[in-house]
Structures are given as structure tokens and as C-alpha cells.
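# What the coordinates show
The chain contents come next:
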Amino acid sequence: RLFDLDPDLLPLFQYNCKKFASPQECLSAPEFLDHIRKVMLVIDAAVSHLENLSCLEEYLCNLGKKHQAVGVKVESFSTVGESLLYMLERCLGTAFSPDVREAWSKLYGAVVKAMRRGWETLPEGD
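Quantities reported herein were computed from a predicted structural model and do not represent experimental measurements. (Residues numbered from 1 in each chain as written. Predicted model: local features only at pLDDT ≥ 70, side-chain atom pairs only at ≥ 80, totals over all residues. Heavy atoms only, no water.)

Here we come to the overall build of the protein chain. Summing up its helical and strand segments, the protein chain has 6 helices and 0 strands in all. Element order for the protein chain, N to C, with α for helix and β for strand: α-α-α-α-α-α. Across its three principal axes, the protein chain shows a C-alpha extent of roughly 45 × 45 × 20 Å. Burial statistics for the protein chain: of 126 residues in total, 30% are counted as buried. Long-range pairs, those at least 24 residues apart, make up 56% of the contacts in the protein chain with a sequence separation of at least 6. For the protein chain, the exposed area adds up to about 8,600 Å²; of that, 56% sits on carbon and sulfur atoms. Computing the positive centroid from 14 side-chain charges and the negative centroid from 18, the protein chain places the two 3 Å apart. (Helix = DSSP H or I, 4+ residues; strand = E, 2+ residues; numbered from the N terminus. Buried < 20%, exposed > 50% of the residue type's maximum accessible area, 1.4 Å probe, protein only. Contact = heavy atoms within 4.5 Å. Areas by Shrake-Rupley, 256 points an atom, 1.4 Å probe, with all protein chains shown as cover. Lys, Arg positive; Asp, Glu negative; His and termini not counted. Charge placed at Lys NZ, Arg CZ, Asp CG, Glu CD.)

With their axes 6 Å apart at the nearest point, helix H4 (residues 57-69) and helix H6 (residues 98-116) run at an angle of 65 degrees to one another. What the angle tells us is that H4 and H6 run roughly perpendicular. The element H4 and its partner H6 pack so that their crossing is right-handed. Along its contact with H4, which presents Glu57, Leu60, Cys61, Leu63, Gly64 and His67, the element H6 presents Val111, Ala114 and Met115. Among the residues forming the contact of H4 with H6, the class breakdown is 6 nonpolar, 2 polar and 1 charged. (Axes fitted to C-alpha atoms, helices over the stretch in contact; angles between N-to-C directions. Parallel < 35°, antiparallel > 145°, perpendicular 65-115°, else oblique. Left-handed = near helix turned anticlockwise from the far one by under 90°. Nonpolar A, V, L, I, M, F, W, Y, C, P; charged D, E, K, R; others polar.)

Let's shift gears to a nonpolar patch on the surface. A grouping of Ile36, Val39, Met40 and Met87 is seen on the molecular surface, where their side chains present a nonpolar patch of about 270 Å² in accessible area. Considering each element in turn, the nonpolar patch owes the most residues, 3 residues, to helix H3 (residues 30-48). Mapped onto the fold, methionine 87 is located in helix H5 (residues 76-92). Taking relative accessible area as the criterion, methionine 87 reaches 31% and is therefore assigned partly exposed. (Patch = residues over 30% accessible without salt bridge, like charges linked within 9 Å, V, L, I, M, F, W, Y side chains within 5 Å. Salt bridge = Lys/Arg side-chain N within 4 Å of Asp/Glu carboxyl O.)

Turning our eyes to something else, we now look at the layout of surface pockets. Within this model, the largest pocket holds a volume of roughly 1,200 Å³. Together, 38 residues line the largest pocket, and Phe13, His35, Ile36, Val39 and Val80 are the ones closest to its centre. Among the secondary structure elements, those contributing two or more residues to the lining of the largest pocket are helix H1 (2-5), helix H2 (23-27), H3, H4, H5 and H6. With 10 residues, the top contributor of residues to the lining of the largest pocket is H3. (1 Å grid on protein atoms, 1.4 Å probe; cavity = no way out; pocket = protein on both sides within 12 Å on 5 of 7 lines; lining within 4 Å. Points joined across faces, edges and corners; volume = space filled by probe spheres on them.)

Purely geometric stuff here, so don't read any function into it on its own.
In C-alpha cells form, the structure reads like this:
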């Protein structure tokens, strides 16, 4: 779904300097599948620490810095969020109620907010 929503994200997923000719080629690459597993581990950590997301702040901020370093734009996280919600809706079916959607949106929003701090640079001494 990610590449359907924003095909311009495909070039961000280059492994060993290999450019993918199509989204399908990228989606079947072991490196991309590993990346997806890592994304899901972050989501799992957020769910596991739902009552205390602040304990993940530094980790998520550093993760944001890493994404910035490889050229990811903050705006791309909204597309990732749409893809996540789409996947959840497809997998959960009728159990994906408006309340469930809102809860996932809030959780994902909190993760992205922490990651966005990786893009922000404060002047020294602040």
C-alpha cells in the first residue's frame, strides 16, 4: 500500500546500492522484509510501553535522526501511517472499529512525534 500511496518513496529503499525497478521487486527483497520486521518491532515496543511511551523517547529520536540521514522526509510518515491503518483494517475487518482506528492513530502519532525530534536541532546550550 505504501508505494501505491507514494511511489516516490521507492528510491529510499536501496540496499547495497541496488535500485529497485518496481515496487514488487522491492517488496520481495529480503532486506525490505527485514526493514518491515524492524518497523513492526518499533510498533510492538510502543504498544508494550503504552503507559510509558516517554521511556522510548531517546530511542525514537535517534531513529528519526537515522531516517533523516538517509533522506526520509517527515511528511512521509503520514503515508506510512495510512499504510499501517490500511493493513490493520484489512487484517481486523469489522473489529477495526472507529475507536480502534483512533487508538492506533494516536499511538502512531506519538511514535512519529518522538521521531520528529530527530529532525529538530536545538542550538547548543538549550
